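Structure at a glance
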Amino acid sequence: MSTEYDAIVIGAGIAGAGVAAELAADRRVVLLEQEERPGMHTTGRSASLHSETYGGPCVRLLSRASRAHFLEGVEGRPFATPCGSLYLATEAQLDRLDAFASQPTVAPAVDRIGESALRAFIPLLRPGVVVAALFERDACGLDVDAIHGDFLKRFRRAGGTLRCSAPVTGLDHAGGQWRVAAGGQSFRAPLVINAAGAWGDVVAALAGVRPLGLQPRRRTVALVDPPAGVDPGAWPMAVDIDEQFYFKPDAGRIIVSPADETPMPPCDAWPEDIDVAIAIDRVQQVIDLPVHRVSHSWAGLRTFAPDRSPVAGFDTEAPGFFWLVGQGGYGIQTAPALSRLAAALARGETIPADLEAIGLQASDLAPDRLAR
Ligand SMILES: Cc1cc2nc3c(=O)[nH]c(=O)nc-3n(C[C@H](O)[C@H](O)[C@H](O)COP(=O)(O)OP(=O)(O)OC[C@H]3O[C@@H](n4cnc5c(N)ncnc54)[C@H](O)[C@@H]3O)c2cc1C
């Protein structure tokens, strides 16, 4: 039995849910997810930060354009909570801190602060190690479940069909239609959107489409208790200027990460003990944080295109095959704008005017910018 749609979206993480919610407003859309529920892979494992100074130029524009959506939220509940973030530098890193601070998109967003002001934010700071920092005033913590859940709710309300436990195992194209085999069923549509995250190139291979060279990279995080009597709740996120570690508060505990980027095949990623140990060691070099036990640790795959910028656009060699991949470590904070942009391009329209006005161009996101 075959089921006819206008669009088939593969992968129900934040990317697939976002574009499916946009397209369902005026298209018949089916969203296919291999797992028993949406968001089990990278989307469910993020550090939940929105920072307009993180990532490359395209990511920063998409993050800026997504901010209003996060602040507005739904039914009076914002998706974002202001928390601020800090880029930390030791004496030896000061030239990198200053070079970063002088970038045109960074300079207006940050204040440079010294050790004593930094201590007011993070009292556990070890003396004489971190000597300066940049404070990004408008960085926010994000409620990822609520953002993702809202996309899925909008999708269902608009009449979209979500099929979980439906791994796509075959795609072929004939007579202007894609036929997609998933979970024992067959689905047909002229448009397929590949939002399969770490599996983006695997899904392309099923369709006979040349891969983009996507690189899934594992990132590890661990939750540890603060010292007795210390409430880290008001701390900003703190990131080493060379992105060798970060730490941030999380519901009374502290998240630590070695900011690892270990290349991996697509898989259900698990944390390695050594990466947890490295995270704790690096963080302990800058703050006085005795760790007696790790409450919980996890890892997820941040998947990058070779130029580390997201990909949204039609494959030039396979009609009706649309890529929405390579969101790397920024897929949550860019999702609202990237979903709108991807939906417009997938409909054959130009980039939404407000996104074009801030400098986004379809060619910057197109898959054919990448040498294959
Ligand atoms: C530790 C960590 C911290 C992060 N911190 C942040 C942060 O602070 N801010 C931020 O913006 N981003 C952050 N990110 C990145 C962000 O989480 C990702 O960019 C984003 O979740 C990617 O979403 P996605 O939908 O592309 O991928 P995924 O969420 O992995 O979704 C892809 C989906 O496709 C499905 N799929 C794959 N193959 C098939 C198939 N054949 N058939 C059907 N379904 C299939 C998978 O099961 C999966 O559900 C972080 C990531 C990690 C790991």
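Nothing here was measured: the structure is a model prediction, and the numbers come from that model.

Attention now moves to the site of the ligand. The ligand sits among 36 residues. The nearest are Glu33, Thr43, Leu49, Gly328 and Gln333. Between the ligand and Gln34, the relevant distance is 3.0 Å, taken from an oxygen atom to a side-chain nitrogen or oxygen of the residue. Here an oxygen atom of the ligand and a backbone polar atom of Thr42 are 3.2 Å apart. Taken together, the elements giving at least two residues each to the shell around the ligand come down to helix H1 (14–23) and strand E20 (294–304). Its residues placed into classes, the shell around the ligand shows 16 nonpolar, 15 polar and five charged.

This part covers the layout of surface pockets. As a volume, the second largest pocket reaches approximately 290 Å³. Taken together, 16 residues form the lining of the second largest pocket, with Cys83, Gly141, Gly233, Lys248 and Pro249 sitting closest to its centre. Secondary-structure elements contributing two or more residues to the lining of the second largest pocket are strand E5 (80–82) and strand E17 (246–250). Looking at the lining of the second largest pocket element by element, the count peaks at three residues for E17.

Under the criterion given, the structure shown has 27 salt bridges. Across the pair Glu243 and Arg302 runs a salt bridge, and its minimum N-O distance is 4.0 Å. On the criterion of sequence distance, the pair formed by Glu243 in the loop between strand E16 (237–240) and E17 and Arg302 in strand E20 is long-range, its members being 59 residues apart. A relative accessible area of 23% means that Glu243 is categorised as partly exposed. In this structure, Arg308 and Glu261 form a salt bridge, with 2.9 Å as the shortest nitrogen-oxygen distance. Linking Arg308 in the loop between E20 and strand E21 (311–314) with Glu261 in the loop between strand E18 (253–257) and strand E19 (262–263), this pair joins segments that are 47 residues apart in sequence.

Turning our attention to the domain arrangement of the protein. By convention, interface size is frequently given as the accessible area that disappears when the constituent parts associate. The domain architecture assigned to the protein consists of domain 1 (2–45 + 144–214 + 307–369) and domain 2 (85–137 + 215–303). Listed by partner, the interface residues are 14 residues for domain 1 and 13 residues for domain 2. Both faces considered, domain 1 and domain 2 share a buried interface measuring about 1,100 Å² in area, 50% of it formed by carbon and sulfur atoms. Between the two partners, domain 1 and domain 2, sit two salt bridges.

Within helix H3 (residues 94–101) the residues assigned to the buried category are Leu94, Leu97, Phe100 and Ala101. Buried residues of H3 fall within an arc of 130° about the axis and therefore sit on the same side. Lining the buried residues of H3 we find helix H2 (57–72), strand E6 (85–90), strand E7 (110–114) and strand E8 (130–136).

Cut-offs used in this document
- Residues numbered from 1 in each chain as written.
- Predicted model: local features only at pLDDT ≥ 70, side-chain atom pairs only at ≥ 80, totals over all residues.
- Heavy atoms only, no water.
- Near = heavy atom within 4 Å.
- Polar contact = N/O pair within 3.5 Å; in protein donor to acceptor, adjacent residues only side chain to side chain.
- Helix = DSSP H or I, 4+ residues; strand = E, 2+ residues; numbered from the N terminus.
- Nonpolar A, V, L, I, M, F, W, Y, C, P; charged D, E, K, R; others polar.
- 1 Å grid on protein atoms, 1.4 Å probe; cavity = no way out; pocket = protein on both sides within 12 Å on 5 of 7 lines; lining within 4 Å.
- Points joined across faces, edges and corners; volume = space filled by probe spheres on them.
- Salt bridge = Lys/Arg side-chain N within 4 Å of Asp/Glu carboxyl O.
- Buried < 20%, exposed > 50% of the residue type's maximum accessible area, 1.4 Å probe, protein only.
- Domains from an automatic or database assignment.
- Contact = heavy atoms within 4.5 Å.
- Buried area = accessible area lost by both parts, 1.4 Å probe.
- Arc of directions from axis to C-beta.

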